[in-house]
Amino acid sequence: MAGIRSTSHSPRQVPSGEGVPSGDGAAPAGTRPPAQVRRVGGGLLDPRMLWQSLPDAIRKLDPRVQIRNPVMFVVEVGSVLTTYSAVIHSSVFAWTITAWLWLTVLFANLAEAVAEGRGKAQAQALRRTKREAVARRLAGWKPGDTAYRITEVPGTQLAVGDFVIVEAGEVIPGDGDVVEGVASVDESAITGESAPVIRESGGDRSAVTGGTKVLSDRIIVKITSKPGETFIDRMIALVEGASRQKTPNEVALNVLLASLTLIFVIAVVTLQPMAYYSKAPQNLIILVSLIVALIPTTIGALLSAIGIAGMDRLVQRNVLAMSGRAVEAAGDVNTLLLDKTGTITIGNRQASEFLPVAGVEAAYLADAAQLSSLADETPEGRSVVVLAKERFGIRERSAGELSDPAGQHRAVFVPFTAQTRMSGVDLADGRQIRKGAAAAVRQWVRDNGGALEEELGRMTDGISAAGGTPLVVAEKAGGTARALGVIHLKDIVKEGIAERFAEMRAMGIRTVMITGDNPLTARAIAEESGVDDFLAEATPEDKMALIKKEQEGGKLVAMTGDGTNDAPALAQADVGVAMNTGTMAAKEAGNMVDLDSNPTKLIEIVQIGKQLLITRGALTTFSIANDVAKYFAIIPAMFAGVFPGLGKLNIMHLHSANSAIASAIIFNALIIVALIPLALRGVRYKPSSASAMLRRNLWIYGVGGLIIPFIFIKGIDLIIMNVPGFR
Amino acid sequence: MNPALAGFLQAALLVAALAACHIPLGNYMARVFMSGRHLRVESAFYRVMGIDAEADQRWGTYARSMLAFSGVCVLFLYLLERIQQWLPYSNGQTAVPPFLAWNTAASFVTNTNWQNYAGETTMGYVVQMAGLAVQNFVSAAVGIVVAIALVRGFMRNKTDRLGNFWVDLTRIVVRVLLPLAVLGAVVLMACGVIDNFNLTHVISTLDGGQQTMVGGPVASQEVIKELGNNGGGFFNANSAHPFENPTPFSNWFEIFLMLVIPFALPRTFGTMAGDKRQGYLIVAVMAGLWLASVGLMSLFEWQHAGTALQAAGGAMEGKEVRFGLPGSTLFGTTATATSTGAVNSFFDSYTPFGGMIALFNMMLGEVIPGGVGAGLYGMLILAVLTVFIGGLMVGRTPEYLGKKIRPAEMKWAAAYILATPLSALVGAALSLGMQVPRRSILNPGPHGLTEVIYAFTSMANNNGSAFAGLAANTGWYNLAGGTVMLTARFVPMIFVLALGGSLARQQTVPESAGTLRTHGPLFAGLLIGVIIILVGLTYFPALALGPFAEGLH
């Protein structure tokens, strides 16, 4: 779509099973490829939408609405004047101009209405999900109580701070935080994903959204927003454009367009006394035509559609921008803070190598590692089993196989706990195998009378330095323990991420990787992925300090976050994208919410912001460049009668004065319709340096804008010269 | 020597001389404004005037100081003209009539120097020296300091202060204009420009006829007339008068004086902004358009059809044979492109398109290179507009020299580009639409239209160049002209200072690969496009009825 590549969505991350805590505060969870449930057609303009938006476009002819767009307001006033003139002095020419002037205004309204229409369709879909829920309020309850006194009230009567109980099959009556219990929740109403997500009290997955449905279990929710101001309400208002305010850049462009309009109005109004002096006074219709042809109607007509469509493009990608300002700021971002996990690396580490200590066979180590990982369902654990099979052909075994045939001694799997930071298996023959964080396993070996070889330390350090995570495998057979070797768990850098960072660099954006890893590991991954800089062992405070430092230098910073402790940084950042899986606090603090909770999307958001501005600039340039051809069409038509020499300026050899003026006005109206798809889709955007982008856009929209109208005005003239009244 | 070759050599030598002065003079002016030290004479002046030289002013204060100073200047000059009969060296001139005095006061304070009077028959020497020549200095200085205040807006960070108007004004006069004027006056006198207090007297010539000999402190006024882009002649004939401009060399030197500061100021800008490439871009665009204008005007004058004209080697009517065609067109282009408005030939007699080039030079908003200071700030505002359009096309909030062009900045820039065409076109339209002003037009048809449009374009751009052929010393032209000149000078200046204030408050954004490059040919091309399409074409309908209607057969 419009040249922006879609990123692959990271597979779902399951909390890390093995010894090393993932460390990334903002590790995403529950990210899956979004199911395409209620997407409204993307970039292409459906001709039916033009037709459907027509009533809205006509409604917008109301001058009180129109005056918000000064350029088109001038055209509307002009249309009224020509209508009056056409009624008094009726002619084919007068009515043709009048009709096309009204069409010009209508087309502009249509562009806006179509853009809004797409948002309305989205809002409609959201409204359907917003059912009137009955809330089961807990009267006088406080966390920890086991006795409930339930009163049923309509969801609309809930107040902030109320506690409600929601059971399987019920709709959550309002936004809030889970204070007790765990439940799987169907959030497809907002995210479009049909797979349920887990919501539980405490931690960073406690936020629930009103209108979503509990599928299993029971939770108690503390209501955090007033009815009518819930997340879904805000979403509806946003996609509908009801809360749309002009963004700073849009305001600045409007100021420029208004002043250009005023200049041309003055130029034409003052032309009439000069024309009188020259004994070539012009009638009202021609003067209005000249004004309309010269003022920047193309961009004036499409400006608001471009802005709405830009927001809409974000919605298409499941990102909700709380303000258009944030979208624009995204285009200006200088520094991107990217969480390592889920953005730069895929969510989990994978075993890449077995490194035995001296005296141990690699296959033996692999076998032990496999045994210890059989019951480990984490991706890391699975990857050990897979690697053992790939390298040494070691078949996966079931728990039953490991027990002795008599069945007296069963193999016992030792699960991972945060305290032991190890997992493993106690086999039926008494052999114990452990696998886990280096420090923990070493301690276990020492505790069990084993000696540790120096080599082991070197191996683990080496893996850390290379950006990997070492897992030590040890066994205890016959009383003493010994270390067998090390599994190299590697962060897998996402494919194509290095190219993306190179693009970002070309666009002048610095990327900073944020990770909880130690500096050695962080450096290795930073080098592999091509990120410009990294912040290792990052705490939320470090993140905040980094943002402030960048901002002091005048830079704009974008980041993603999901935890409550990310909230201050999200609020401080110029573009703060909160993950939908995150806490309410994070969602409140950020100025965008990513419903897919995919941190890679930050890069896309930046590109959408840029594309929005480029589309505005390109169409402004096009609009202004068009004036040259229109001058050459209209000026000779106005005055060649009195000064035949001016006929030489009629370089397009337009048929007659009337056909020349009508051609310019018809072109002026049709170009708006022709460019609606471009305004909605955004101009093609390929990340590159500013100079390359400017050169490309100048050629297409600047030089193209000079030439295209000459061709089309001539073409229209060739057609309408056959119409009686233009001969 | 072949006149074409002579013309080319003149222009080439001029470019070489300007290039040689660009860096030293530009750097020197930057030092003048950035220095923290006061000269002894300046300190003494501040003490006497009660000026706190260490104060740093907000844009509003800066603007009020500038307006107060200019207001006092208008009153002072008006009074001086009205009491001239009692002044010494009045050379027999009586009090200047009120409307004319108002027009002249407005004209000289706004650096326009539109003259609805003939110098030798209206103004005594004290009014010329203490009134007009002084304004030639300070009005030029006001233009420069406003430009410098804008440049400070780009330079400074998170402050609402733009400098000190009184200090800037004093420094530019004491350290730049006065020394250069003294040097220039000496050169002019060496060329034969007069500088004396001889009153007008009648002598008998050899063939028994009688001739009126004029005198006066001419060289001292002539030099600042060109150097400060004022253009108001001591004599009615302006630089066509042999006492103002005696030789081809003095002609060349006067052209040089008109251009030397406007072409050095971009360097001052580049140096102060800490990025010399930005200055080079501005000067390259100015120079490119100026050269194109010189070339076109010379071409139109040379190519003029008609046997007599071709035999004379071009359209020689109304041109001084001393300077020939190249010396006239080079002077004419320069005077209109620098907002000087001095003339050494008669534009009214130029070919329609030759005259149109002079008109178009002014219509571009006096930016190629424009008047001292005014040219720089005009060009910077156009650069801001260009950056806005171009910056959008690279996908960022547009920024120029690390400052973002947000709604506040755009508001001031848009108001600026609105002010000049508004004054020019409304003034011209009223004059053409009303009965009485129309009687001032001496030529009927498109040529007369051009005369009126030219007059108001010249006044609204504070140029002062006159097309002639218009009897402008009437109540209407004096009153309307004075108003147009004051409005078109000071209203845009307020917008410029407001823009400077708005820029200074911003935090500078660091440049990155994603920032629009505002140096290099791509941006230069875009800037030229904006100047011609956005500014120049506003006047296309008016030009069609004037020069085009006259020139196309």
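Residues numbered from 1 in each chain as written. Chains lettered and ligands numbered in written order. Predicted model: local features only at pLDDT ≥ 70, side-chain atom pairs only at ≥ 80, totals over all residues. Heavy atoms only, no water.

Q: Before we move on, could you go through the overall build of chain B and cite the residues and values that matter?
A: Scanning chain B from terminus to terminus reveals 20 helices and six strands. In summary, chain B has a C-alpha radius of gyration of 23 Å against a globular reference of 24 Å for 553 residues, a match within 12%. Looking at the 553 residues of chain B, the share that counts as buried comes to 64%. Nonlocal contacts in chain B, meaning residues at least 24 apart in sequence, comprise 78% of its contacts between residues at least 6 apart. Carbon together with sulfur atoms contributes 68% to the accessible area of chain B, which is approximately 18000 Å² in total. Distance from the positive charge centre (29 side chains) to the negative charge centre (25 side chains) of chain B: 15 Å. (Helix = DSSP H or I, 4+ residues; strand = E, 2+ residues; numbered from the N terminus. Rg over C-alpha atoms; globule rule 2.2 N^0.38 Å. Buried < 20%, exposed > 50% of the residue type's maximum accessible area, 1.4 Å probe, protein only. Contact = heavy atoms within 4.5 Å. Areas by Shrake-Rupley, 256 points an atom, 1.4 Å probe, with all protein chains shown as cover. Lys, Arg positive; Asp, Glu negative; His and termini not counted. Charge placed at Lys NZ, Arg CZ, Asp CG, Glu CD.)

Q: Lay out the interface of chain B and chain A with the relevant residues and their values.
A: Facing 62 residues of chain B, the contacting portion of chain A comprises 62 residues. Of the roughly 5100 Å² buried between chain B and chain A on both sides combined, carbon and sulfur atoms contribute 76%. Broken down residue by residue, the surface that chain B buries against chain A is led by Met 393, Leu 522 and Leu 545 of chain B, which jointly contribute 14%. Summed over the shared surface of chain B and chain A, the result is one salt bridge. Residue Lys 404 of chain B pairs with Asp 332 of chain A through a salt bridge whose shortest N-O separation is 3.8 Å. Where chain B touches chain A, the interface holds 10 residue pairs in polar contact (both at pLDDT 80 or more). Contributing elements (two or more residues each) for the side of chain B that touches chain A: helix H14 (374–393), helix H15 (407–433), helix H17 (445–460), helix H19 (521–535) and helix H20 (540–551) of chain B. (Buried area = accessible area lost by both parts, 1.4 Å probe. Salt bridge = Lys/Arg side-chain N within 4 Å of Asp/Glu carboxyl O. Polar contact = N/O pair within 3.5 Å; in protein donor to acceptor, adjacent residues only side chain to side chain.)

Q: Give a description of unusual backbone geometry that names residues and reports values.
A: With an omega of 0°, the peptide bond between Ile 368 of chain B and Pro 369 of chain B qualifies as cis. Tracing the chain through its elements places Pro 369 of chain B in the loop between helix H13 (352–363) and H14. Even without a glycine there, the phi angle at His 653 of chain A is positive, about 50°. Note that His 653 of chain A resides in the loop between helix H23 (601–639) and helix H24 (657–681). One non-glycine residue, Asn 238 of chain B, lies in positive phi territory at about 55°.

Q: Any chance you could break down the packing of aromatic side chains for me, citing the residues and the numbers?
A: We describe a pair of aromatic rings using the distance from one ring centre to the other and the angle between the two ring planes. Tallied over the full model, the rule gives 33 aromatic pairs over all chains. A centroid spacing of 5.9 Å and a plane angle of 0° characterise the contact between Trp 252 of chain B and Phe 256 of chain B, whose relative ring orientation is stacked. Of this pair, Trp 252 of chain B and Phe 256 of chain B both sit in helix H9 (residues 248–273), four residues apart, roughly one helical turn. The pair formed by Trp 252 of chain B and Phe 256 of chain B is uniform in burial state, with each residue classed as buried. Residues Phe 347 of chain B and Tyr 454 of chain B carry aromatic rings whose centres are separated by 6.0 Å and whose planes lie at 45° to one another, so their mutual orientation is tilted. Residue Phe 347 of chain B is found in the loop between helix H12 (324–337) and H13, and its partner Tyr 454 of chain B is found in helix H17; the two are separated by 107 residues along the sequence. In this pair, the class of Phe 347 of chain B matches that of Tyr 454 of chain B, namely buried. Ring pairs connect the aromatic residues Tyr 631, Phe 632 and Phe 710 of chain A together with Phe 300, Phe 353, Phe 540 and Phe 548 of chain B, which therefore count as one cluster. (Phe/Tyr/Trp six-rings, centres within 6.5 Å; stacked < 30°, edge-to-face > 60°.)

Q: Describe H9 of chain B, with residues and values.
A: Residues and elements named next belong to chain B. Helix length check: H9 (26 residues) gives 39 Å between terminal C-alpha atoms against 38 Å at 1.5 Å per residue, within 8%. In the structure, H9 departs most strongly from a straight axis at Leu 259, where the bend amounts to approximately 30° and where the proline Pro 262 lies between one and four residues downstream. Burial analysis of H9 places 22 of its 26 residues in the buried class, the great majority of the element. Count one or two residues on from H9 and you reach Gly 274, which has phi positive near 75°. (Expected span 1.5 Å × (residues − 1). Bend = angle between axes of the 7 residues up to and from the residue.)

Q: Help me get a handle on the side chain of Ser 465 of chain B, residues and values and all.
A: All names here are of chain B. Mapped onto the secondary structure, Ser 465 falls in the loop between H17 and helix H18 (475–505). Given the relative accessible area of 0%, Ser 465 is considered buried. Residues contacting Ser 465, with those up to four places away along its chain left out, are Trp 114, Thr 336, Gly 341, Val 343, Phe 347, Met 362, Tyr 454 and Ser 458.

Q: With reference to specific residues and values, describe the packing of H9 of chain B against H12 of chain B.
A: All names here are of chain B. Direction vectors running N to C along H9 and H12 enclose 20°, while the axes themselves pass 10 Å from each other. Taken as axis vectors, H9 and H12 run roughly parallel relative to one another. Like other packed secondary-structure pairs, H9 and H12 cross with a definite hand, here left-handed. On the side of H9, the interface is formed by Asn 251, Glu 254, Ile 255, Met 258 and Leu 259, while H12 contributes Gly 327, Leu 330, Phe 331, Thr 334 and Ala 335. (Axes fitted to C-alpha atoms, helices over the stretch in contact; angles between N-to-C directions. Parallel < 35°, antiparallel > 145°, perpendicular 65-115°, else oblique. Left-handed = near helix turned anticlockwise from the far one by under 90°.)

The values are spatial; any link to function lies outside them.
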